[in-house]
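Remarks on the overall topology
For reference, the chains in residue letters:
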Amino acid sequence: MIIITSPPEHFSGEMDVPGDKSITHRALMLGSIARGVTEVRGFLDAEDCRSTMGCLSTLGATINVRGRRLFVHGKGGQLQAPNAELDAGNSGTTARLLAGILAGSHFESKITGDSSLQQRPMKRIVEPLKAMGAEIEGAAGGDKLPLTIKGKNLKAVHYKSPRASAQVKSAVLLAALYAKGETVFEEPYQSRDHTELMLKHFGAHLIAEAGLVKIKGRQTLQGKQVLVPGDISTAAFFMVAAAILPGSEVLLKNVGVNPTRTGIIDVLKEMGAHLEIENPRKWGMEPVGNIRVKGGRPLKGVEVRGEIIPRLIDEIPILAVAAAVAEGETIIGDASELRVKESDRISDLACQLSRLDIAISEKEDGFVIRGGKPLKGAEVDSCGDHRIAMALAVAGLVARGETAVNAAEVVAISFPGFMQSLRSLCSKKHH
Ligand code: S3P
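Residues numbered from 1 in each chain as written. Predicted model: local features only at pLDDT ≥ 70, side-chain atom pairs only at ≥ 80, totals over all residues. Heavy atoms only, no water.

Moving on, we come to the overall build of the protein. The helix and strand tally for the protein stands at 14 helices and 23 strands. A compact globule built from 431 residues would reach a C-alpha radius of gyration of about 22 Å, and the protein, at 21 Å, matches this within 12%. Judged by the C-alpha coordinates and their principal axes, the protein covers about 60 × 45 × 35 Å. Averaging the positions of the 53 positive and the 49 negative side-chain charges in the protein gives two centres separated by 5 Å. (Helix = DSSP H or I, 4+ residues; strand = E, 2+ residues; numbered from the N terminus. Rg over C-alpha atoms; globule rule 2.2 N^0.38 Å. Lys, Arg positive; Asp, Glu negative; His and termini not counted. Charge placed at Lys NZ, Arg CZ, Asp CG, Glu CD.)

Okay, here's the thing in structure tokens:
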């Protein structure tokens, strides 16, 4: 349980943000199918990435962790038939991206996951992977885990995805590496492009434009060094905490600022928050910067829908907390994907935030928050969702009285050290 006795006297200091989860998963997977050794620096050491490591080890990859670095000894194309089920735990990225690799691997394997992941839709990847020639069976008519995948000689496809999802795109692109011919993937809006960037870094040829990727099959990847930037999705909790606590100043160091991920910065600025990206640079193909946030500016409500949604999809729980503090109405729309994340983030947020006296009304594809009234501390629940747990803890910082977040150990999915980091910024005094 997390207990926040609010509000802190000061919220300030510097923080090294833990490694990006999406990029860590991809470095592990591409490293495992590449030739040679991949060194991953600053990887995220959290439960979701441990799930990916476990699955890849079962598939014959050798992965050694040495401090903040890990070394992946690639299998040069083909992984080995597993002698056990592949357990993706709570991680949708693990299950869906791995399915793409397994579709082109010449053996049978079974992917499963925890009770939350077993409820999440898989048809979105099963359909295109079957169209490429893989044999896949799953629970609920092939839509749910466990999935049994028989890898085949794949053929290239032209797939028009009905949704902007980087997991779907990545599953198809990874399968495309094993397919004969050129695969074309289209999506309605651009989703995060870490897979495309890392494939290029590992020597693959592909054409990537907004909403369109073309990749030829039968390409081999070469293991490389990967520097993992800090995760902007984790940084977002601290950005919002600093923005809503008067007198705060926080410097979040070495955060990934890939434009397919920075929707949260755009929206917080539009709300009136003071945020600056300092020392912008590149780590390999990925843009990185230090994010400075100063608190105390009045925030106002905004409307968030359409093309920006995939650029901030994981930040919506914490954006809801900023919206609760902002004057006026914040509308989140076109975000029905939130219903099939680690929890139903629309109904679970509506339920938990209303316990803190936040005026939130649930919509089919989002919610509306009328902000600006004081938050009241209360007993709330993570609903088994790491991002809801962290968002509620940040809300607790501005709520009157005590906030207790039950089942908060789920923060370990993406950030085991969350509370230590939050506390260290709360306790530092101004100079
Ligand atoms: C991710 C893509 C997003 C995101 C998830 C991580 C990825 O999911 O919500 O946390 O690493 O590709 P969708 O692809 O389902 O939108």
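What follows concerns unusual backbone geometry. Residue Pro146 is reached from Leu145 by a cis peptide bond, and omega for that bond is -5°. Structurally, Pro146 can be placed in strand β9 (residues 144-150). A positive phi angle, near 60°, is found at Arg218, a position not held by glycine. As for its position among the elements, Arg218 is in the loop between β13 (212-216) and β14 (225-227). Taking the relative accessible area as the measure of exposure, Arg218 reaches 52% and is therefore exposed. A positive phi angle, close to 75°, is found at Asp357, a residue other than glycine. Positionally, Asp357 belongs in the loop between α12 (345-355) and β20 (359-363). When its relative accessible area of 34% is taken as the criterion, Asp357 is described as partly exposed. (Buried < 20%, exposed > 50% of the residue type's maximum accessible area, 1.4 Å probe, protein only.)

Relative to each other, helix α1 (residues 21-33) and helix α3 (residues 92-103) sit at 25°, their axes nearing to 11 Å. As judged from the angle between their axes, α1 and α3 are roughly parallel. Between α1 and α3 lies a crossing of right-handed hand. Within the contact between the two elements, α1 uses His25, Arg26, Met29 and Ile33 and α3 uses Thr93, Thr94, Leu97, Leu98 and Ile101. A breakdown of the residues in the contact of α1 with α3 according to their chemical character gives five nonpolar, three polar and one charged. (Axes fitted to C-alpha atoms, helices over the stretch in contact; angles between N-to-C directions. Parallel < 35°, antiparallel > 145°, perpendicular 65-115°, else oblique. Left-handed = near helix turned anticlockwise from the far one by under 90°. Contact = heavy atoms within 4.5 Å. Nonpolar A, V, L, I, M, F, W, Y, C, P; charged D, E, K, R; others polar.)

A few words on the pattern of salt bridges. Going through the model one piece at a time under the given rule, you end up with 28 salt bridges. Residue Glu39 is joined to Arg69 by a salt bridge in which the shortest nitrogen-to-oxygen separation is 3.2 Å. One end of the pair, Glu39, is in strand β3 (residues 37-41); the other, Arg69, is in strand β5 (residues 69-73), and 30 residues separate them in sequence. On the basis of relative accessible area, Glu39 is assigned to the buried category, the value being 14%. A salt bridge links Lys110 to Glu85; its shortest N-O distance comes to 3.6 Å. Within this pair, whereas Lys110 is found in strand β7 (residues 108-112), its partner Glu85 is found in the loop between β5 and β6 (86-87), the two being separated by 25 residues in sequence. Glu85 sits in the partly exposed class, given a relative accessible area of 45%. Because the salt bridges share partners, they merge into one network encompassing Arg192, Asp314, Glu342, Arg345, Asp385 and Arg387. (Salt bridge = Lys/Arg side-chain N within 4 Å of Asp/Glu carboxyl O.)

A word on the domain arrangement of the protein. As assigned here, the protein comprises domain 1 (2-19 + 229-427) and domain 2 (21-227). Centre-to-centre separation of domain 1 and domain 2, based on C-alpha positions: 28 Å. At the junction of the two partners, domain 1 supplies 26 residues and domain 2 supplies 27 residues. Regarding the contact of domain 1 and domain 2, the summed buried area is about 2400 Å², with carbon and sulfur atoms giving 54% of it. (Domains from an automatic or database assignment. Buried area = accessible area lost by both parts, 1.4 Å probe.)

Next up on the list: the site of the ligand. Around the ligand sit Ser22, Arg26, Thr93, Ser165, Ala166, Gln167, Arg192, Ile313, Asp314 and Lys341, and those are all the residues in its vicinity. Between the ligand and Lys341 there is a distance of 2.7 Å, counted from an oxygen atom to a side-chain nitrogen or oxygen. Across the complex, the protein chains shield 94% of the 380 Å² of accessible surface that the ligand would expose by itself. Of all the secondary-structure elements, those providing two or more residues to the shell around the ligand are α1 and α6 (166-176). Its residues assigned to classes, the shell around the ligand shows two nonpolar, four polar and four charged. Structurally, the shell around the ligand is a two-domain feature, drawing no fewer than three residues from each of domain 1 (2-19 + 229-427) and domain 2 (21-227). (Near = heavy atom within 4 Å. Polar contact = N/O pair within 3.5 Å; in protein donor to acceptor, adjacent residues only side chain to side chain. Areas by Shrake-Rupley, 256 points an atom, 1.4 Å probe, with all protein chains shown as cover.)

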